[in-house]
Amino acid sequence: MTRSFDRLLRPKSIAIFGGKEAARVVEQCRKIGFDGPIWPVHPTKDEIGGQRCYRSVNDLPAPPDAAFVGVNRAATIDIVRDLAERKAGGAICYASGFREAVAEFPDGADLQDTLVAAAADMPIIGPNCYGFINMLDRVLLWPDQQGLSMVNRGVAILTQSSNIALNISMQTRGLPIAYVLTAGNQAKCGLSDLAMAVLDDPRVTAVGLHIEGIDSPALLERLALKARQLRKPLVALKVGRSEAACQAAVSHTASLAGNHAVMAALFDRLGIGRANSLPEFLEVLKLLHLHGPLSSFDISSMSCSGGEASLMADAGTARTIRFRELQSAQYAPLRQALGPMVTLGNPLDYHTFVWGNRQRQVEAFAAMMRGGYALNLVVLDFPRLDRCDPADWMTTADAVIDAAVETGAKAAIVASMAENMPEEIAVRLMKAGVVPLLGIDDALAAAETAAMIGACWNAPEATPLLKVQATGREVITLNEQEAKSALAVHGVKVPQGLRAETAEGAANAAASLGFPVVLKALGVAHKTESGAVVLGLTEPDAVRSAADTMAGVAAGFLVEETIDKPIAEFIIGAVRDPVAGLVLTIGAGGILVELLEDVAILTLPTDDGAIREAIARLKVAKLLEGYRGHPKGDLDALVSTVASVASYVVSNASIVEELDVNPVMVLQEGSGAFAVDALIRLRG
């Protein structure tokens, strides 16, 4: 078991190993104001960075709280072993050439195992990482420049990439950053371990994770639960899209359930916010630092330009945030403040009638902020400070601050372009309790993410993730009849059908069921493409002829009753993700599967509420609402069908490799839903 990170992340004494990198760490420590002892260790040098050198770990005056090990990979192991034996608080391993570089160093994996063994119970960060910056306690183990300012409280940002960490340290967005930590290749301590450690610091307000890969969903689940309990939100920027899980797949489902989409579903389940770019990542963290998760998706927008109001409205159309209409009590004070020429609404174009008039602006902004919105945005692009006078813009900024203080509402000022928010103004706004958000799209993404986290935290905690390991190596494919029978046991409705081995038998089965019927060849995965399904057969000769035509590809025949024309067709599937395990997919089915790629993913186990939310996110779900005068579809039956498929998957989690139910035909409201085709692959 690894010891606490406390001494490593908040050290009182530091040991430095190496040459050039060691000198940089000493320089940066003194520059940041670290006033504890720094002990360079070098076999030949007498001093590094003005500090006396020691010859070995054993020569140090005391066990150091933290050590920066900036030597080659072989020497790193010996030093880490010596530090562990002296009960040091922990070490940063700077060297590369371990498991992350097995293509260049075939012994890299073995060397990493040796490093972990040498550390024993001492925490180590890396190898192949820069280390960390702690702006709360004026301490860092960081062999380079960095651009952060001291803070009393702020966010923690963790990344596997040292260069990304360096770039983030140079941000000028007004985001107060308490910690920047790099994890490298996570030989002993992963991102989740480090995040757990910084969450415990009461000065940390939120945590951002730049993730290249997730090694343990169980640890991520535990981290998310701790963050929720401490009311400190998590945001993840997940990079990389893996197709490895889809290459050997037979079903449509696997082609839809990419690793990136699965990770998004996992984050949503755990209440971890998602960002799609570094700017968005930083803006979300800024909002969460100051205001925390939002209470709803309802926001307001104010600007002195119709063009800006339109930009806001357009940017919101693809998001779950809502520009909710004004409440009746808001109209009179808004009209009094803005005059008769302004059209009142949300987003609100308040024109320039009150430009430069702080009191009138306060009245208008306060009236808007009393509307019960979770966040109130004011669009304001500042002029260049080197060429222009920002006085009138600062009047508006001060009015926003006054209105937020007066109403107690959460407020933000949005610059439509990032370069139009000078850092000094952003910092001032943050100190005044108003979030400076840079870019309209990133601002709305931040609001949406904060609202998502708020909704998750306000709901009951999700049940633990399904954690069942796959068994067996050989994969077998059930034929359609076998697959449908297995699903029917769990409540999935399927058409009545009979199996036949010959064309004559198929004709007799059809007569027994009653016409019209559907004829299918068993043993064919994608029947439509192979000509292995014929619809609307109305007499025995037609069945015989169709069976004779497909006899060359058929391992028997399935004759089924014809289902009425559906309102909509869906696909329900399951695929085994290499990280998250079995996940469920719901999407537009039939021939539209690959054409629309309209799909939602559910981690397991799930429930009716989560299923309904997933269906609601689909474009095809509009058909169930009675699209353009057509009848409504049986949504309840679809939800029940998805839940039944989920029940089958959970009950057989150790052997299910892949599942495809496509199409599920959803009939008119009250008439049910039927799985008319199914594919199941099981591990033997």
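Moving on: the pairing of strand β10 (residues 154-159). Taken across its six residues, β10 has six buried, putting it largely inside the fold. Relative to strand β12 (residues 204-211), β10 is paired through five bridges, and the arrangement is parallel. The residue bridging Thr-159 from the neighbouring strand is His-210, located in β12. Pairing analysis gives five bridges linking β10 to strand β11 (residues 177-182), with the strands arranged parallel. Bridge assignment links Val-155 to a residue of β11, and that residue is Ile-177.

Below, the discussion takes up the sheet that holds strand β15 (residues 299-303). Pairing is parallel in the open sheet, where five strands are placed in the order β16-β15-β17-β18-β19. The open sheet has two edge strands, β16 (348-349) and β19 (435-438), and neither has a second partner. With four bridges connecting them, strand β18 (residues 411-415) and β19 associate as parallel partners. Note that in β19 the partner of Ala-412 across the bridge is Val-435. Here helix α13 (residues 358-369) sits on the sheet in contact with β15, β16, β17 (375-379) and β18, set at roughly 160° to β15.

This brings us to the pairing of strand β2 (residues 38-41). Going residue by residue along β2, you find Ile-38 and Pro-40 tucked away on one face and Trp-39 and Val-41 tucked away on the opposite face as well. As paired elements, strand β1 (residues 14-18) and β2 share four bridges and run parallel to each other. Residue pairing across strands places Phe-17 opposite Val-41, the latter belonging to β2. A crossover links β1 with its parallel partner β2, the connecting element being helix α2 (residues 20-32), and its sense is right-handed.

Further remarks concern the packing of aromatic side chains. The final tally for this structure, using the stated rule, is five aromatic pairs. Centroid distance Trp-355 to Trp-393: 5.4 Å. Interplanar angle 80°. Geometry classified as edge-to-face. Of this pair, Trp-355 sits in the loop between β16 and α13 while Trp-393 is found in helix α14 (residues 391-407), placing the two residues 38 residues apart along the sequence. Judged by relative accessible area, which is 25%, Trp-355 ranks as partly exposed. Linked through ring pairs, Phe-68, Tyr-94, Tyr-130 and Trp-142 together constitute an aromatic cluster. In this structure, Arg-324 is placed above the aromatic ring of Tyr-373, and the distance from its NZ or CZ to the ring centre is 4.2 Å.

Because an α-helix packs 3.6 residues into every turn, residues spaced three or four apart end up facing the same way. With six of eight residues buried, helix α5 (residues 162-169) is to be regarded as a mostly interior element. Residues Ser-162, Ile-164, Ala-165, Leu-166, Ile-168 and Ser-169 constitute the buried set of α5. In this structure, the buried side of α5 is in contact with β10, β11, β12 and α10 (278-291).

The final tally for this structure, using the stated rule, is 34 salt bridges. Of the charged contacts, one joins Asp-201 and Arg-203 as a salt bridge, the two residues approaching to 2.8 Å between their closest N and O atoms. Residue Asp-201 is classed as buried on the basis of its relative accessible area of 4%. One salt bridge in this structure joins Asp-402 and Arg-358, with 2.8 Å as the shortest N-O distance. On the criterion of sequence distance, the pair formed by Asp-402 in helix α14 and Arg-358 in helix α13 is long-range, its members being 44 residues apart.

Now for the nonpolar core. Counting residues in each nonpolar core, the largest one holds 111 residues, and the members touching the most others are Ile-157, Leu-158, Val-207, Phe-281, Leu-377 and Leu-444. Per-element accounting of this core gives the leading share, 10 residues, to helix α16 (residues 440-458). In contact with Val-207, other than residues within four places in its own chain, are Ala-156, Leu-158, Ala-195, Val-198, Leu-199, Pro-233, Leu-234, Val-235 and Leu-285.

With that settled, consider unusual backbone geometry. Cis peptide bonds are those with omega within 30 degrees of zero, and the linkage from Gly-126 to Pro-127 qualifies with 0°. Turning to its location among the elements, Pro-127 is positioned in the loop between β7 (124-125) and β8 (132-134). Of note, the amide linkage connecting Phe-515 to Pro-516 takes the cis form, showing an omega dihedral of 0°. With respect to the helices, strands and loops of the structure, Pro-516 is situated in the loop between α18 (503-513) and β22 (517-521). Despite not being glycine, Lys-87 shows a phi value in the positive range, around 65°. Despite not being glycine, Ala-120 has its phi angle at roughly 55°, a positive value.

Take helix α12 (residues 328-338) next. Of all the residues in α12, the buried ones are Gln-330, Leu-334, Ala-337 and Leu-338. Along the axis of α12, the buried positions cluster into a sector of 75°, meaning they face one direction only. Exposed residues pointing more than 90 degrees away from the buried face of α12 are listed as Ser-328, Ala-329, Ala-332 and Gln-336.

The next thing to look at is the sheet that holds strand β6 (residues 91-93). An order of β2-β1-β5-β6-β7 is seen for the five strands of this open sheet, with the pairing classed as parallel. Edge positions in the open sheet fall to β2 and β7, since each of these has one partner strand only. Running over the sheet, α2 touches β1, β2 and β5 (66-70) and is turned about 150° from β1. Contacts from helix α3 (residues 73-85) reach β1, β5, β6 and β7, with the element oriented near 165° to β5.

Thresholds applied
- Residues numbered from 1 in each chain as written.
- Predicted model: local features only at pLDDT ≥ 70, side-chain atom pairs only at ≥ 80, totals over all residues.
- Heavy atoms only, no water.
- Buried < 20%, exposed > 50% of the residue type's maximum accessible area, 1.4 Å probe, protein only.
- Helix = DSSP H or I, 4+ residues; strand = E, 2+ residues; numbered from the N terminus.
- Pairing = 2+ DSSP bridges.
- Contact = heavy atoms within 4.5 Å.
- Axes fitted to C-alpha atoms, helices over the stretch in contact; angles between N-to-C directions.
- Right-handed = clockwise from strand over helix to strand, strands pointing away.
- Phe/Tyr/Trp six-rings, centres within 6.5 Å; stacked < 30°, edge-to-face > 60°.
- Lys NZ or Arg CZ within 6 Å of the ring centre and 35° of its normal.
- Salt bridge = Lys/Arg side-chain N within 4 Å of Asp/Glu carboxyl O.
- Core = buried A, V, L, I, M, F, W, Y, C linked by side-chain atoms within 4.5 Å.
- Arc of directions from axis to C-beta.

Shape is all these values report; function is a separate question.
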